[in-house]
Amino acid sequence: QVQLVESGGGLVQPGGSLRLSCATSGGPFSRYAMSWYRRAPGKERTLVAFITANGDWSNYADPVKGRFTISRDNANNTVYLQMNSLKPEDTAVYYCHINGYGDYWGQGTQVTVSS
């Protein structure tokens, strides 16, 4: 059974940093691209970052370009999202996702950016 467990969220001041982790199991992690999504209360879930199966290329939504970095460790079946220079508009629940492998989602991890 595919499992996705996000962690690393929390409360941070504007300009601060967080590193999110997504531990995966039960799926072909190393053979698929991975993404991070986020969803603010009352809003639709949106893509924020993407990385290829072997980690050789990544892409980002415009609002996070230059501030967020996605990476992966295939030996540990884990994908990361380093978030720097955080803004209040980054406040959301963050989810990881296996691209092109069904509609599997974890519980997400809450990121709150506030003074």
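Higher on the page you've got the structure.
All chains use their own residue numbering, which begins from 1 and follows the written sequence. With pLDDT at 70 or above as the cut-off, local features in this predicted model cover only qualifying residues; side-chain atom pairs require 80 or more to be listed or tallied, and sums for whole chains, interfaces and linings still use all residues. Remark: hydrogens and water are excluded; side-chain values derive from all non-hydrogen atoms of the structure.

Enquirer: I'm lost on the overall build of the chain in this one. Help?
Expert: Along the backbone of the chain there are zero helices and ten strands. Helix numbering and strand numbering both begin at the N terminus, where a helix is a DSSP run of H or I of at least 4 residues and a strand a DSSP run of E of at least 2. Reading the chain from its N end, one meets helices and strands in the order β-β-β-β-β-β-β-β-β-β. By the compact-globule yardstick of 13 Å for 115 residues, the chain fits well, its C-alpha radius of gyration being 13 Å. Dimensions of the chain, computed from the C-alpha atoms along their principal axes, are close to 40 × 25 × 20 Å. A buried classification covers 42% of the 115 residues belonging to the chain. Two residues qualify as a contact provided that any one of their heavy atoms is within 4.5 Å of a heavy atom in the partner residue. Intrachain contacts of the chain at a sequence separation of at least 6 include 53% that bridge at least 24 residues. Here the accessible surface of atoms and residues is derived via Shrake-Rupley with a 1.4 Å probe, and residues count as covered only by protein chains that are part of the display. On the chain, roughly 6000 Å² of surface is accessible, and the fraction owed to carbon and sulfur atoms is 45%. His residues and chain termini do not enter the charge count, which takes Lys and Arg as positive and Asp and Glu as negative. Charged groups are reduced to one reference atom each: NZ for lysine, CZ for arginine, CG for aspartic acid, CD for glutamic acid. Positive and negative charge centroids in the chain, built from 10 and 8 side chains respectively, lie 1 Å apart. We take the radius of gyration over the C-alpha atoms and set the globule estimate at 2.2 Å times the residue count to the 0.38 power. Type-normalised accessible area, obtained with a 1.4 Å probe on protein chains alone, sets the label of each residue: buried when under 20%, exposed when over 50%, and partly exposed for intermediate values.

Enquirer: Sorry if this is basic, but what is going on with the state of the cysteines here?
Expert: Covalent bonding between the sulfur atoms of two cysteines defines a disulfide. The disulfide criterion is simple: two cysteine sulfur atoms within 2.5 Å. With the rule as written, the count across this model stands at one disulfide. Two residues share a disulfide in this structure: Cys22 and Cys96, whose sulfurs sit 1.8 Å from each other. Judged by the sign of its S-S torsion, about 45 degrees, the cystine formed by Cys22 and Cys96 is right-handed. Placement of Cys22 in strand β3 (residues 18-25) and of Cys96 in strand β9 (residues 92-98) is noted, with a sequence separation of 74 residues between them. With respect to class, Cys22 is no different from Cys96; both count as buried.

Enquirer: Whenever I open this one, the packing of aromatic side chains confuses me. Can you help?
Expert: Where two aromatic rings form a pair, the distance of their centres and the angle of their planes describe that pair. Two aromatic rings from Phe, Tyr or Trp, using only the six-membered ring of Trp, form a pair when their centres are within 6.5 Å; if the ring planes differ by under 30 degrees the pair is stacked, by over 60 it is edge-to-face, and anything between is tilted. Enumeration according to the criterion identifies five aromatic pairs in this entry. Residues Tyr32 and Tyr101 carry aromatic rings whose centres are separated by 5.0 Å and whose planes lie at 55 degrees to one another, so their mutual orientation is tilted. Pair noted here: Tyr32 is in the loop between β3 and β4 (34-39) and Tyr101 is in the loop between β9 and β10 (109-113), with a separation of 69 residues, a long-range link. Among the residues examined, Tyr32 registers a relative accessible area of 25% and is labelled partly exposed. Take Tyr101: its relative accessible area is 29%, and that puts it in the partly exposed class. With 5.3 Å between their ring centres and 85 degrees between their planes, Tyr37 and Trp105 make a pair best called edge-to-face. Taken together, the positions of Tyr37 in strand β4 and Trp105 in the loop between β9 and β10 put the pair 68 residues apart, joining distant regions of the chain. Judged by relative accessible area, Tyr37 falls into the buried class, the value being 18%. With a relative accessible area of 28%, Trp105 lands in the partly exposed category.

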